Amino acid sequence: MKQDRFLLGILIFIILLVVIAVGIFLLRGNDQSYGSDDNPEDVVRNYALAIQNMDFERAYGYLADDNHKPDYETFRYSFLNQRLDTTNTSIQIGSARTSGANEAFVELSVIYNSGELFSSPNANGEIASLIKQNQGWKITSMPYPYWGWDWYQP
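What comes next is a walk through the structure. The written sequence of each chain sets the order in which its residues are numbered from 1. For this predicted model, a pLDDT threshold of at least 70 governs which residues receive local features, and a threshold of 80 or more governs which side-chain atom pairs are given and counted, while totals over whole chains, interfaces and linings are taken from all residues. Only heavy atoms go into the side-chain values, all of them from the structure, while hydrogens and water stay out.

With respect to the nonpolar core
Only buried residues count toward a nonpolar core. Its members are Ala, Val, Leu, Ile, Met, Phe, Trp, Tyr and Cys residues joined through side-chain atoms within 4.5 Å. Three labels apply to residues, based on accessible area from a 1.4 Å probe with only protein chains included: buried if under 20% of the type maximum, exposed if over 50%, partly exposed otherwise in between. Core analysis: the biggest nonpolar cluster contains 29 residues, and Tyr 47, Phe 75 and Met 142 have the highest contact counts within it. Helix and strand labels come from DSSP, where a helix needs a run of H or I of at least four residues and a strand needs a run of E of at least two; each type is numbered from the N terminus. Sorting the residues of this core by element identifies helix H2 (40–52), helix H3 (56–61), helix H4 (72–80), strand S2 (103–112), strand S3 (122–133) and strand S4 (136–141) as the ones contributing at least two each. Only heavy atoms matter for contacts: two residues are in contact if any of them lie within 4.5 Å across the pair. Not counting residues up to four positions away in its chain, the partners in contact with Tyr 47 are Ala 59, Tyr 62, Leu 63, Phe 75, Phe 79, Ile 139, Met 142, Tyr 146, Trp 147 and Trp 151.

Here is the structure:
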């Protein structure tokens, strides 16, 4: 009789832990909305979020205007045909440094996940470059896979 109560107590405890874990998972804050475009860090975040949401028009709007800027279709197809595949990557945005009033560099960690069960993700420190154009920040370069190697090339 005592063993049955003990096992029942363990079972109730396990069920309670599962319910708490599911509740925390469902209630955790996962802010995936666009922020302001007032500073370089937010522009980089909004660009990456637009690519994740496949909102290519918005993402294209964050590119700097230049003579060698890719056209919209080239930009869009780079992601649609998986030449630039962001499905197993994420970025952590660090701090920004400005160089004068019209140039900024944002520190990033690009995290690559292999998708294997027991492998740990790989993180690389990278830099995003931005310039100020038309009173707003525009991206001139980002690390792979958020940027095509042939963009802005003559």
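Quick look at the packing of aromatic side chains
Here a pair means two rings of Phe, Tyr or Trp (six-membered ring of Trp) with centres within 6.5 Å. Their orientation is stacked below 30 degrees between planes, edge-to-face above 60, and tilted elsewhere. Under the definition given, this model contains 9 aromatic pairs. Geometrically, the ring pair formed by Tyr 47 and Trp 147 is tilted, given 6.5 Å between the ring centres and 55° between the ring planes. Highlighted residues: Tyr 47 in helix H2 and Trp 147 in the segment after S4, separated in sequence by 100 residues. Here Tyr 47 and Trp 147 have matching classes, each one buried. What links up through ring pairs into an aromatic cluster is the set Tyr 47, Phe 56, Tyr 60, Tyr 72, Phe 75, Phe 79, Trp 147, Trp 151 and Tyr 152. Above the plane of the ring of Tyr 60 lies Lys 69, whose end atom (NZ or CZ) is 4.3 Å from the centre. A positively charged side chain is recorded as over a ring if its NZ (Lys) or CZ (Arg) lies within 6 Å of the ring centre. The angle to the ring normal must also be within 35 degrees.

Regarding a nonpolar patch on the surface
Residues Phe 6, Leu 7, Ile 10, Phe 13, Ile 14, Leu 17, Val 18, Val 22, Phe 25, Leu 26 and Leu 27 make up a contiguous nonpolar surface patch of about 1,200 Å² in total accessible area. Taking relative accessible area as the criterion, Leu 27 reaches 76% and is therefore assigned exposed. Candidate patch residues must exceed 30% relative accessible area and have no salt bridge, after which like charges are joined if within 9 Å and Val, Leu, Ile, Met, Phe, Trp or Tyr side chains if within 5 Å. We get accessible surface area from the Shrake-Rupley algorithm with a probe of 1.4 Å; when it comes to residues, only the shown protein chains can shield them. The rule for a salt bridge is simple: a side-chain nitrogen of Lys or Arg has to be within 4 Å of a carboxyl oxygen of Asp or Glu.

Quick notes on the side chain of Ser 78
Tracing the sequence through the fold places Ser 78 in helix H4. Counting of polar contacts relies on pairs of N or O atoms within 3.5 Å, with two restrictions inside protein: one atom must be capable of donating a hydrogen and the other of accepting it, and residues adjacent in sequence are counted only when both atoms are side-chain atoms. Here the side chain of Ser 78 touches Thr 74 through a polar contact of 2.8 Å, landing on its backbone oxygen. Setting aside residues no more than four positions away along its own chain, Ser 78 makes contact with Arg 83, Leu 84 and Trp 151.

Looking at the sheet that holds S2
At least two bridges found by DSSP between two strands is the condition for calling them paired. Overall, antiparallel pairing links the 4 strands, which are arranged S1-S2-S3-S4 in an open sheet. Of all the strands in the sheet, the pair left with one neighbour each is strand S1 (89–98) and S4. If you compare each strand with its neighbour and ignore which way they point, the axes differ by 35° on average. Sheet topology note: the S2/S3 ladder contains 10 bridges and is antiparallel. Looking at the pairing, Phe 105 lines up with Ser 129 of S3. Lying over the sheet, H2 contacts S1, S2, S3 and S4, oriented at roughly 160° with respect to S1. Helix axes use the C-alpha atoms of the stretch in contact, all axes being lines fitted to C-alpha atoms, and the angles between their N-to-C directions lie in the range 0 to 180 degrees.

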